[in-house]
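Residues per chain are reported as follows:
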Amino acid sequence: MLPAIMIPLNHPRSINLLWNVPGFGKIMVLADNGGQGFFLDRKGDVLIINLNYELAKTHLTVVNRTLEDYTKDGYTIPEKVLSKINRARQFFANASVEKNDIARAMLSTKALNCSLYAGEELEYAKALQSIELHRKKDVTLKILDETGRSLSATTVVYAQTSHDFLFGNWEISKGTVLHLSYYRLMKEAGINFAVLNVVWRDTGEAQRILGLWTDQDTNVEGYNVVWFHGDWGIGEATYLYSLTFDQLRAEVDSHVFSVVSAYKDKIQYWALVSEAEGSWTNHWHLSADQIVEIIDVSCKAARRADPSATIILNFAIPAGEWAGYKYGVEGETRGYVPFELLQTIVKRNVDFDAIGLQLYYGDIRQIDGFAHPARDALSVSRILEWYAQFNKPIFITELEVPSSYSANENFEYGYWHTLPSEDTQSDWLRLVYAIGYSKPYVRCITWWDASDIGAFSLYGGVIDQNGRPKLAYYTLKDLIHAWTTHGVGNTDSDGILRFRGFAGNYTLQVEGYEPAQVHVSEHDSNEITVTLKKQAVHGPTNATIMYVAVTVSAIAAVVSLLVWKRSKIQSKSINAAANAARKSVRFNA
């Protein structure tokens, strides 16, 4: 008997499922009849499909449309990507004329494999170009001396010292001196955004951690202020379970106002309401309207406490895979699709600043036994584009995939490309960070755990249990370094220096003058007049020292990778080391 799906009459439906694609992995795939959906208009009608064929048809349609869009937008498509797309097209064309269902399914599987790899390579190629186009900004500096005279034909050394973009990590929330040391190691990699749990059950713990942590030049995000997870969010505050909706709403108002007021001098960003879409946070069987009301109350309370706070609404399952989990069953615990909740939130003019999306797709196994289904990178990009419709900044609030797996793992939630390893973890990090960073509306990417000790996703840290940085750590460090601007240039006859750079603070050095600080904005004009003061101290100047620093910084990523290689217990060949050092993601045929 064939598997069957019941669909309502006159309502097109698509099929999403976890599917084993030989040579690519076990991932979520879509069959939607080439974008049209499957449709029945008479009671009792039956439509029989070759699912392998429909999966290949749908994904190839997506890739073809994406290619057309990117070509129209002026992106250069590498020849190897076009070649892979053409291979997928040829396999699919052969499947389309094949009469034997089994043979058609086999050809379709080959088409799907090629199409999935081609889609990722296409998205990665576009991302690299988008970073240059959208993240880098034109900078025009007019360099003057103290008398207002233009310094023409003058060598200027410029170096970025901070990023406006937020590269985040949660490690400090684990609360021990050891984990704080791991966070400092992450800071060496370029992390500039610390995520601090300020959960309902124990806000005093957050205060204790802030007391241990003296890093004043890092942005801090208060996280999970309203998070109704039974064990991790509510904990011992079990009195909440017995409250009526009106009582709960009042309690939320009081709690949020109190917490934000207490920490507003140290915390600017607030992931205020977390995972509101989940059945695991809906102990009161709230309707969608009631959930939106709780969110509204939370946002208003935070805004009263700190009008300048950045308020983020944080969602765990952005594609809605668990929206129907337990719906109408087992006490009618309900889950919802975040996108649909946001539509209502925006319609009701709830005052919030940014959308938070957790992208755990492919995390294999979490400490609670569950996981998120694996996805290909093109589908992750399309999820981000989906939420960009709300015209709000997007924070990737949690991201993590493992470097290994347990001996008894059955991969019921799938895997990406091959079974987890340090290589696949590194490749996924490089690919998803590039895609996220390339989108101007994405303001933050947070790799959740620094270390494997206490990691939410098993083996999901970029530092192992023994404190050894993994390949993914050096990949992250390499990426942030590549997205940090530094250089040397000469002013023209009018004292003008032009360059393109990433947003953030910069130090400028000119021989014989004190260093100057400027800020490059991602949104405002970067035509900046800089007045330099003469340097009083003789001897080697700051400019000379900084010139040397800029010169040697280009090899930092290579050095860090060599350090990682030395730390490996088992050595690899010279060719393997060279492959790890290449700044590209491995894509198979």
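Being a predicted model, the structure only gives us computed values, none of them experimental.

For the rest of this paragraph, the subject is the overall build of the protein chain. Assigned secondary structure in the protein chain consists of 15 helices and 18 strands. Within the span of the protein chain, comprising 589 residues, buried residues form 55% of the whole. Taking as baseline every contact in the protein chain between residues at least 6 positions apart, the subset at least 24 positions apart corresponds to 76%.

Counting through the fold element by element, tryptophan 448 comes out in the loop between β13 (442–447) and α12 (471–482). Along the sequence, tryptophan 448 and valine 401 sit 47 residues apart, while their C-alpha atoms lie 9.7 Å from each other. Contacts of tryptophan 448, omitting those with residues within four sequence positions, involve Asn169, Trp170, Glu171, Val195, Tyr223, Tyr360, Thr397, Glu398, Leu399, Glu400 and Phe456.

What follows is about the confidence of the model for the protein chain. In the predicted model, the protein chain carries a mean pLDDT of 89, and the fraction of residues at 70 or more is 88%. The model gives residues 326–331 a pLDDT under 50, and that stretch makes 7 contacts with residues more than four places away or in other chains. Below a pLDDT of 50 lies the segment residues 554–583, which in the model reaches 32 contacts outside its immediate sequence neighbourhood of four places, other chains included.

Closest axis-to-axis distance for the helix α2 (residues 79–97)/helix α3 (residues 101–135) pair is 8 Å, and the angle between their directions is 160°. As far as their axial angle goes, α3 and α2 are roughly antiparallel. Here α2 and α3 pass one another in a crossing that is left-handed. Seen from α2, the contacting residues are Lys80, Val81, Lys84, Ile85, Arg87, Ala88, Phe91, Phe92, Asn94, Ala95 and Ser96; seen from α3, they are Arg104, Leu107, Ser108, Lys110, Ala111, Cys114, Ser115, Tyr117, Ala118, Glu121 and Leu122.

With parallel pairing, the 8 strands of this closed barrel are ordered in space as β5-β6-β7-β8-β9-β10-β11-β13. Across the sheet, the axes of successive neighbouring strands diverge by a mean angle of 25°, strand direction being ignored. Strand direction decides the pairing type here: strand β9 (residues 310–315) and strand β10 (residues 354–359), joined by 4 bridges, are parallel. When the bridges of β10 are listed, isoleucine 312 appears paired with alanine 354.

Time to look at the packing of helix α11 (residues 422–438) against α12. Running from amino to carboxyl end, α11 crosses α12 at an angle of 25°, the nearest separation of the two axes being 8 Å. The orientation of α11 relative to α12 falls into the category roughly parallel. Handedness of the α11/α12 crossing: right-handed. Residue-level inspection shows Glu422, Asp423, Gln425, Ser426, Leu429, Arg430 and Tyr433 of α11 in contact with α12, the latter providing Leu471, Ala472, Thr475, Leu476, Asp478 and Leu479. Split into classes, the residues belonging to the contact of α11 with α12 amount to 6 nonpolar, 3 polar and 4 charged.

For strand β15 (residues 496–502), the buried fraction is high: 5 of the 7 residues fall into the buried class. Judged from the 7 bridges that link them, strand β3 (residues 136–144) and β15 form a sheet pairing that is antiparallel. For aspartate 138, the partnering residue across the bridge sits in β15 and is arginine 500.

According to the stated counting rule, one finds 31 aromatic pairs in the structure shown. Ring centres of tyrosine 53 and phenylalanine 92 lie 4.8 Å apart, and the angle between their planes is 20°; this geometry places the pair in the stacked category. With tyrosine 53 in helix α1 (residues 51–72) and phenylalanine 92 in helix α2, this pair connects stretches of sequence that are 39 residues apart. Judged by centre distance (4.3 Å) and plane angle (5°), the ring pair of phenylalanine 339 and tryptophan 386 falls under stacked. On the criterion of sequence distance, the pair formed by phenylalanine 339 in helix α9 (residues 338–347) and tryptophan 386 in helix α10 (residues 377–387) is long-range, its members being 47 residues apart. Through a chain of ring-to-ring contacts, three or more aromatic side chains come together here, namely Phe165, Phe167, Tyr437, Trp483 and Phe502. Positioned above the aromatic ring of tyrosine 53 is the side chain of arginine 104, whose terminal nitrogen or guanidinium carbon lies 4.2 Å from the ring centre. Directly above the aromatic system of tyrosine 361 lies the positively charged group of arginine 375, at a separation of 5.2 Å from the ring centroid.

At asparagine 33, a position not held by glycine, the phi torsion is positive, near 60°. Within the secondary structure layout, asparagine 33 lies in the loop between β2 (25–31) and α1. Given a relative accessible area of 24%, asparagine 33 falls into the partly exposed group.

What follows is about the pattern of salt bridges. Pairs can form between side chains of opposite charge once their charged atoms are near each other. Per the stated rule, a full pass over the model turns up 27 salt bridges. In this structure, glutamate 132 engages lysine 136 in a salt bridge whose closest nitrogen and oxygen atoms are separated by 3.4 Å. Salt-bridge contacts for aspartate 246 lead to arginine 249; the nearest nitrogen and oxygen are separated by 2.8 Å. One end of the pair, aspartate 246, and the other, arginine 249, are both in helix α7 (residues 245–263), 3 residues apart, so they sit about a helical turn from each other. Assessed through its relative accessible area of 49%, aspartate 246 is described here as partly exposed. Among the charged side chains, a salt-bridge network with shared partners connects Glu123, Glu385 and Lys439.

This part takes up the sheet that holds strand β18 (residues 527–531). For sheets, the rule is that strands pair by backbone hydrogen bonds, running either parallel or antiparallel. One open sheet holds the 3 strands; their spatial order is β15-β3-β18, and the pairing between them is mixed. At either end of the open sheet lies a strand with only one pairing partner, and these are β15 and β18. Strand-to-strand, the axes of this sheet are offset by a mean angle of 30°, without reference to chain direction. For β3 and β18, the ladder comprises 5 bridges, and the chain directions are parallel. Bridge pairing in β18 places leucine 144 opposite threonine 531.

For phenylalanine 257, the position within the fold is in helix α7. Looking at phenylalanine 257, the relative accessible area reads 34%, which means it is partly exposed. Distance from phenylalanine 257 to serine 298, taken between C-alpha atoms, is 8.1 Å for residues 41 residues apart in sequence. Aside from chain neighbours lying at most four places away, what touches phenylalanine 257 is Ala301, Arg304 and Ala305.

So, how was this worked out
Residues numbered from 1 in each chain as written. Predicted model: local features only at pLDDT ≥ 70, side-chain atom pairs only at ≥ 80, totals over all residues. Heavy atoms only, no water. Helix = DSSP H or I, 4+ residues; strand = E, 2+ residues; numbered from the N terminus. Buried < 20%, exposed > 50% of the residue type's maximum accessible area, 1.4 Å probe, protein only. Contact = heavy atoms within 4.5 Å. pLDDT = per-residue confidence, 0-100. Axes fitted to C-alpha atoms, helices over the stretch in contact; angles between N-to-C directions. Parallel < 35°, antiparallel > 145°, perpendicular 65-115°, else oblique. Left-handed = near helix turned anticlockwise from the far one by under 90°. Pairing = 2+ DSSP bridges. Nonpolar A, V, L, I, M, F, W, Y, C, P; charged D, E, K, R; others polar. Phe/Tyr/Trp six-rings, centres within 6.5 Å; stacked < 30°, edge-to-face > 60°. Lys NZ or Arg CZ within 6 Å of the ring centre and 35° of its normal. Salt bridge = Lys/Arg side-chain N within 4 Å of Asp/Glu carboxyl O.

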